[in-house]
Amino acid sequence: MTELIDYLGAFADVPEGERRLAAATRELLERSVMPRIADLYESSAFPSDIIPALAEIGLFVGHGPEHDEARPGPLAWGLAQRELERCDSGLRSLVSVQSCLAMTAIERSGSADQRAEWLPAMRRGVAIGCFGLTEPEHGSDPSGMETRAQRTAEGWRLDGHKRWVSNSPIARVAVIWAKSESSAATGDIRGFLVPLPWPGVEVRPLTRKQSLRVSPSGEVLLKDVRLPESARLPGAEGLGAALACLNEARTSIAWGAVGAAEACLDMAREHTGRRVQFGRPLAGFQLVQERLVAMLDDLISAQLVARRLAELKVRGALRHPHISFAKRHNVAAAQRIAARARALLGAEGIITDRHVMRHMANLESVATYEGTDEIHTLILGADLTGLSAFR
Ligand SMILES: Cc1cc2nc3c(=O)[nH]c(=O)nc-3n(C[C@H](O)[C@H](O)[C@H](O)COP(=O)(O)OP(=O)(O)OC[C@H]3O[C@@H](n4cnc5c(N)ncnc54)[C@H](O)[C@@H]3O)c2cc1C
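Residues numbered from 1 in each chain as written. Predicted model: local features only at pLDDT ≥ 70, side-chain atom pairs only at ≥ 80, totals over all residues.

Student: What is the right way to look at the overall build of the protein in this model?
Tutor: Looking only at helices and strands, one finds 11 helices and 10 strands in the protein. Relative to the globule expectation of 21 Å for 391 residues, the C-alpha radius of gyration of the protein, 21 Å, shows essentially globular dimensions. Residue burial in the protein is summarised as follows: out of 391 residues, 47% are buried. A separation threshold of at least 6 residues defines the contact pool for the protein, and within that pool the share at least 24 residues apart is 77%. (Helix = DSSP H or I, 4+ residues; strand = E, 2+ residues; numbered from the N terminus. Rg over C-alpha atoms; globule rule 2.2 N^0.38 Å. Buried ≥ 20, exposed ≤ 12 C-beta atoms within 10 Å, placed from the backbone. Contact = placed C-beta atoms within 7 Å.)

Below, the structure written as structure tokens:
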């Protein structure tokens, strides 16, 4: 695995107890995933065998609003996301979707019975969850969703089509967001827990991706899906319930991007220190040093933003535009670092085994999901000016 880079000591004073989850994550991934990550990526295969170990070290945990002693604090959680994405964005995606989206939706909006039915199994990794918000025609603006939930004598009937649902090919439960018929015009969006497999639900894996290849993605087609009333998340009324989960996942992304960026800078520094051209190591040329320092600029700002995010959360002062800032800033910083690292490795930079191109390609998805750069810019613009420019 790559060497840790923390130039300004952004994480130097993190107490031992807050480092444990990250250390366990790093040890697990170095031992059981890093040696085969290039092969997994080439073959678009998800390493399902590590799910029990991820569960064992405590990475499957909901992020509901209630205080939970067993849940890692924001700093411990963030540092672990950084380790996951230092290995591969797809692994951080698995954990983000399971914990921040699916489990958080159940923890925040589920009934006592729903929590008892799903959360223990999800914590143990026995049940993997997915979160279906995006549709073929509705991505950045999920409020336009066409998936419909209609009341029936027995409960609900769901019809619709969700696309880009991470984890769905391996999931045992899908959190599906749908508009209820009665108030479709005003957008009364509700959440449902759909066990998988289930009559009327078809999960189609999405293949031939050029990015996030170790993360299983799929489409979820819902046709005349009959669910009891007990499948509805009682606390999920309106899009806000889904967006609250997205905020948790976006926070994890801001941290994860730091890990991918560190891996890329470390590889660029190592390669340019070793590779001799024109009679000296590449790192000895001023142009190369300027690039490495520009990467350091980006990395340090991303690390400090991530650290601050955790501090604000602990103090209860974190607002959703802060999260938008961090997601947008850190992913863009990581993308610049990955692209520079790829260039500094020359031809070697395009080989999967050198990892930088894999990170660079993965970051394309990370930049797109959970709100693109443009969407977070508009959120920040609205927060700065008081004027929403979405439409
Ligand atoms: C690998 C991967 C995994 C994913 N996993 C999930 C998941 O688990 N669950 C889920 O529900 N979704 C998931 N998504 C979907 C993701 O959240 C959407 O792709 C994202 O919201 C963007 O939507 P879109 O792709 O439809 O792009 P569009 O909304 O069609 O946007 C296309 C472009 O237009 C820009 N744009 C849109 N609106 C505006 C505007 N008002 N002003 C300026 N520019 C604008 C966007 O920034 C973007 O550049 C995943 C996506 C990927 C790639």
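Student: For this particular structure, what's the right way to read the site of the ligand?
Tutor: In the vicinity of the ligand, 20 residues are found, and the nearest of them are Leu 133, Thr 134, Gly 139, Ser 140 and Thr 372. Broken down by secondary-structure element, the contributors of at least two residues to the shell around the ligand are strand E1 (129-132), strand E3 (155-166), helix H10 (356-368) and helix H11 (373-385). The element that contributes the greatest number of residues to the shell around the ligand is E3, accounting for 3 residues. Taken domain by domain, the shell around the ligand gets at least three of its residues from each of domain 2 (129-238) and domain 3 (240-385). (Near = placed C-beta within 6 Å. Domains from an automatic or database assignment.)

Student: How should the nonpolar core be read in this particular structure?
Tutor: Note that soluble globular proteins tend to have their nonpolar side chains buried in a common cluster. Within the largest apolar cluster, 102 residues are counted, with the highest numbers of intra-cluster contacts made by Ala 102, Phe 192, Ala 261 and Cys 264. Per element, the largest residue contribution to this core is 17 residues, and it comes from helix H7 (residues 239-274). Setting aside residues no more than four positions away along its own chain, Phe 192 makes contact with Ala 149, Trp 156, Leu 158, Ile 176, Ala 178, Leu 227, Ala 231, Arg 232 and Leu 233. (Core = buried A, V, L, I, M, F, W, Y, C linked by C-beta atoms within 7 Å.)

Student: Help me understand the environment of Asp 159 in this model?
Tutor: Position of Asp 159 relative to the elements: it lies in strand E3. A tally of 17 C-beta atoms within 10 Å means that Asp 159 is categorised as partly exposed. For the pair Asp 159 and Thr 147, spaced 12 residues apart in sequence, the C-alpha to C-alpha distance is 5.7 Å. Leave out the neighbours within four places in its chain, and Asp 159 touches Arg 148, Leu 222, Lys 223 and Asp 224.

Student: Which parts of the structure should I look at to understand the environment of Arg 172?
Tutor: Along the chain, Arg 172 falls in the loop between E3 and strand E4 (173-180). Along the backbone, Arg 172 and Val 126 are 46 residues apart, and their C-alpha atoms lie at a distance of 8.6 Å.

Student: Sorry, what's going on with the domain arrangement of the protein here?
Tutor: Size of an interface: often given as the accessible area lost when the parts come together. The domain architecture assigned to the protein consists of domain 1 (16-123), domain 2 (129-238) and domain 3 (240-385). Placing a centre on the C-alpha atoms of domain 1 and another on those of domain 3 gives a separation of 20 Å. Elements with a minimum of two residues in the side of domain 1 that touches domain 3: helix H2 (37-42), helix H4 (74-87) and helix H5 (89-109). The element best represented in the side of domain 1 that touches domain 3 is H5, accounting for 10 residues. The class makeup of the residues in the side of domain 1 that touches domain 3 is 8 nonpolar, 9 polar and 8 charged. (Nonpolar A, V, L, I, M, F, W, Y, C, P; charged D, E, K, R; others polar.)

Student: So what exactly am I meant to see when it comes to H5 here?
Tutor: For the α-helix, the turn length of 3.6 residues means that residues three or four positions removed from each other point alike. The sharpest bend along H5 reaches about 35 degrees and sits at Met 103. With 21 of its 21 residues buried, H5 lies for the most part within the structure. (Bend = angle between axes of the 7 residues up to and from the residue.)

Student: Looking at this model, I keep getting lost on H11. Mind explaining?
Tutor: Taking 1.5 Å per residue as the helical rise, H11 with its 13 residues ought to reach 18 Å, and the 18 Å between its terminal C-alpha atoms agrees with that figure. The first or second residue beyond H11 is Gly 386, which carries a positive phi of 80 degrees. (Expected span 1.5 Å × (residues − 1).)

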